[in-house]
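Summary of structural features
The chain contents come next:
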Amino acid sequence: MSPPGLMDDVDAVQAQIAGNMLTSGDWVIARLDGVPYLEKSPLIYWLIAISYRIFGVHDWSARIPVALGAVLLAWVVWRYGRWAFGAVAGFYAGLALATCVGLFLFTRIQIPDVMLTLCVCVAFWSFQRALDEQETRPRLWAALLAASLGVGVMLKGLIAVVAPIGGVILYLVLTRQLFSRAVWKRLHIFTGALIILAIAAPWHVLATLRMPPYFNFTLHSGPGEYHGFFWFYFINEHVLRFLNLRYPRDYNTVPRLAFWLLHLLWLFPWSAFFPAIVGLSFAPIDRAGRTRLLALCWTSFLLLFFTFSTTQEYYSMPVYPALALLLGSAMATESLWVRGGTRAVGVVAILAAVTIGAILVAVWHIPTPGDISSALQQHPEAYTLSLGHVGDLTLASFAYLRLPLLVAGIAFLIGASGAWLLKGRRSFVAIAVMMVIFFHASRLALIKFDPYLGSRPLAQALLTSPPGQLILNGEYYSFSSVFFYTGRTALLLNGRVNNLEYGSYAPGSPSVFIGDAQFAKLWSKRERSYVLTDSEDLSHLTKIVDMASLHKVAESGGKLLLANQP
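Here is a short report on the structure shown in this document. (Residues numbered from 1 in each chain as written. Predicted model: local features only at pLDDT ≥ 70, side-chain atom pairs only at ≥ 80, totals over all residues. Heavy atoms only, no water.)

**As for the overall build of the chain**
Note the following rule: Working definition: helices are DSSP H or I runs of at least four residues, strands are E runs of at least two. Numbering for both runs from the N terminus. Computation of the radius of gyration draws on C-alpha atoms alone. For the globule rule, the value is 2.2 Å times the number of residues to the power 0.38. Relative accessibility thresholds used throughout: buried, under 20% of the residue-type maximum; exposed, over 50%; partly exposed, between the two (1.4 Å probe, protein chains only). Contact definition: two residues touch when any of their heavy atoms are within 4.5 Å. Only the protein chains shown count as cover for residues, and all accessible areas are computed by the Shrake-Rupley method using a 1.4 Å probe. Asp and Glu are treated as the negative residues and Lys and Arg as the positive ones, with His and the ends of the chain left uncounted. Just so you know, the charge point we use is NZ for Lys, CZ for Arg, CG for Asp and CD for Glu.
Broken down by element type, the chain carries 25 helices and 8 strands. The C-alpha atoms of the chain give a radius of gyration of 25 Å, which matches the 24 Å a tight globule of 566 residues would have. Counting across all 566 residues of the chain, residues that qualify as buried make up 55%. Across the chain, the fraction of contacts at a sequence separation of at least 24, relative to all contacts at a separation of at least 6, is 72%. Roughly 24100 Å² of accessible area belongs to the chain as shown, and the carbon and sulfur atoms make up 67% of that amount. Computed over 41 positive and 30 negative side-chain charges, the separation of the two mean positions in the chain equals 12 Å.

Set out below in structure tokens:
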């Protein structure tokens, strides 16, 4: 859970919102720098705030809810697979999910998607248990289905209901049960709806009442417009974002084909066993067949849904459990396709180890002055995607990653040896060990990237400097970790953009946004002021004030903390 420190952007933002709730006592409206932040459901903030209350406010305690969510998700998939296919297949399903690239990668950031995925997985399992003829407590499972949907809404909004219901309806259509009275009776729809409302409605009602106007259904979204919480959360954030018409457009979208094909990477190394799934039975004549068909409907509906929407790389995480169940079921057969998949993983691991070796040889004698930011090549236009910083890597930057590369090379050698020399469960365990060691190498690499992806060194410099007014040159997100580690607020120079723009027009929103003239006035005063800026944006400051008045306090990762006094 730590290190590395919290990254700038959404990682530190989520942690800071939870801290603001804890100190202000307002657990209804999320705020950043005092400005209402109305985009997301609040449950992840509440969970982080509870963790703070128990363990104190730290970056590692902020990560506890997401970490526990990942562990619990792997446990549920194991139990689901064991119930559906037997002990061996359940073990493989849980193992595949716990050690796949996607689950590790998209739980490095404080986003609620792994907990949403847990809710979706529980919903599908509960649905299947409620309809199972051998189940002695169908009403309990129907209630758990509804509760998981309600909790999901509080984590990620309406997608938590749309994804499971869409997959369920597709399954009922294919099994010719959509109009079966017995099915709907076992699901207890009316009681379930009451459970969902009891969980999700109170916060939505309170937030709507706190941030009027109450109801506005306009489909126009533009600068300077304020229509209250209800409009922004439901219309702008759900409907207009789905249609790619949301303003502000502070996001990007993955090309459709890439969105689908990237699952070969997200489920790596277990995606090598996808061909073995084709030979399985999807006929809903027994529990295993019904589970496979449901997993297929689950995956198909959600991927099809996002095909017509804007997409980030991690939006498809809720299908990981379905794919893991299919993979676990296939791996348990130990067919020729499975043995071929094992060999394929071995080949990929050998190639990866050779590539890492070649990189290490190429960079072994390259000097590494300063931090890794000096060897990276920035591509800001790509940063609206989750993996946008991957394109910043250069050959020289790998010189800073010698230890992570060495550990990763050892991991791939272990995986290659296990894939080629061992059979059955032992080979799968060897591949899982490979991934565990590779994840550790990745964490070591993230520590090296810490000064570049976060701003903790600047926060530490600010904490040891004399008090003064803090100003940020740009938007809040670009230095969000500074606010987390210092507990400070700031004035935002030309920062009325993106995530805080809409809330800034809410009645009572604080006046934290300033322009060039106000900055020049503040900077010329005798009172001490500080400004945080990216080195590439420094030229803008020199057009407003004299370069001689910009005194460097600290520099890290291509970012600067400057003061108006020595």
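That shown, we press on.
**Some remarks on the state of the cysteines**
Which entries qualify depends on this criterion: Any pair of cysteine sulfurs within 2.5 Å is marked as a disulfide.
In total, this model carries 0 disulfides according to the counting rule given. Looking at Cys121, it has no disulfide partner, and the nearest cysteine sulfur is the one in Cys119, 10 Å off. Unpaired in this structure, Cys297 has its nearest cysteine sulfur neighbour in Cys121, at a distance of 15 Å.

**Some thoughts on the environment of Thr208**
Note that Thr208 resides in helix H11 (residues 189-210). Spatially, the C-alpha atoms of Thr208 and Phe230 are 5.6 Å apart, while their sequence positions differ by 22 residues. Once residues lying within four places of it in the same chain are set aside, the contact partners of Thr208 are Tyr214, Phe229 and Phe230.

**Points about the sheet that holds strand E4 (residues 491-493)**
Stated precisely, the cut-off is as follows: Should DSSP find at least two bridges between two strands, the strands are taken to pair. Geometry is summarised by axes, namely lines fitted to C-alpha atoms with helices restricted to the contacting stretch, and by angles between N-to-C directions that run from 0 to 180 degrees.
Spatially, the 6 strands line up as an open sheet ordered E5-E4-E3-E6-E8-E7, and their pairing is mixed. Both edges of this open sheet fall to strand E5 (513-514) and strand E7 (551-556), since each of them pairs with a single strand only. By the bridge criterion, 4 bridges tie strand E3 (residues 469-473) to strand E6 (residues 529-534) in an arrangement that is parallel. Pairing of Leu470 across the sheet is with Tyr530, part of E6. On top of the sheet, helix H24 (residues 516-523) reaches E3, E4, E5, E6 and strand E8 (559-563); it is set at about 135° to E6, its chief contact.

**Brief notes about the nonpolar core**
Applied cut-off: Residue types Ala, Val, Leu, Ile, Met, Phe, Trp, Tyr and Cys, when buried and joined through side-chain atoms within 4.5 Å, form a set referred to as a nonpolar core.
Ranked by size, the top nonpolar core spans 179 residues in total, and within it Tyr80, Phe127 and Trp270 carry the most contacts. At 14 residues, the largest contribution of residues to this core is made by helix H7 (residues 113-131). Dropping the residues within four chain positions of it, Tyr80 is found in contact with Cys121, Phe124, Trp125, Gln128, Thr291, Leu294, Trp298 and Leu325. Ile514, Val531, Leu538 and Leu541 belong to the second-largest nonpolar core, a separate cluster that totals 13 residues.

**So, the pairing of E6**
Buried residues dominate E6, accounting for 6 of its 6 residues. Side chains of E6 alternate between two faces, with Ser529, Val531 and Thr533 and Tyr530, Leu532 and Asp534 buried alike. Relative to E8, E6 runs antiparallel, the two sharing 5 bridges. Within the sheet, the bridge partner assigned to Asp534 lies in E8 and is Lys559.

**Focus on helix H18 (residues 336-363)**
Here is the rule: Expected helix span is given by 1.5 Å per residue-to-residue step, counting one fewer step than there are residues.
Its 28 residues give H18 an end-to-end C-alpha distance of 41 Å, which sits within 8% of 40 Å, the value for a rise of 1.5 Å per residue. Those residues of H18 that fall on the buried side of the exposure criterion are Val338, Gly341, Thr342, Val345, Gly346, Ala349, Ala352, Ala353, Ile356, Ile359, Leu360 and Val363. Where H18 is buried, its residues meet helix H15 (274-277), helix H17 (320-331), helix H19 (402-421) and helix H20 (424-453).

**Considering the packing of aromatic side chains**
We apply this condition: Pairing of aromatic rings covers Phe, Tyr and the six-membered ring of Trp, with a centre-to-centre limit of 6.5 Å; geometry is then stacked below 30 degrees between planes, edge-to-face above 60, and tilted otherwise. Criterion for a charge above a ring: Arg CZ or Lys NZ at most 6 Å from the ring centre, at most 35 degrees from the ring normal.
This structure, assessed with the given rule, holds 37 aromatic pairs. Ring plane angle 45° and centroid distance 5.0 Å describe the contact between Phe230 and Phe234, whose orientation is recorded as tilted. Separated by 4 residues within a single helix, Phe230 and Phe234 lie in helix H12 (residues 228-242), roughly one turn from each other. The residues Phe230 and Phe234 share a single accessibility class, namely buried. Arranged with centres 5.5 Å apart and planes meeting at 85°, the rings of Phe273 and Phe428 form a pair that is edge-to-face. Here Phe428 lies in helix H20 and Phe273 lies in the loop between helix H14 (263-266) and H15, a separation of 155 residues in the sequence. Feature note: the residues Phe106, Phe242, Phe259, Trp266, Phe301, Phe305, Phe306, Tyr314 and Tyr315 constitute an aromatic cluster, connected by ring pairs. Between Arg79 and the ring centre of Trp78, over which it is positioned, the NZ or CZ distance is 5.7 Å.

Interpretation note: all reported values are geometric properties and have no functional meaning in isolation.
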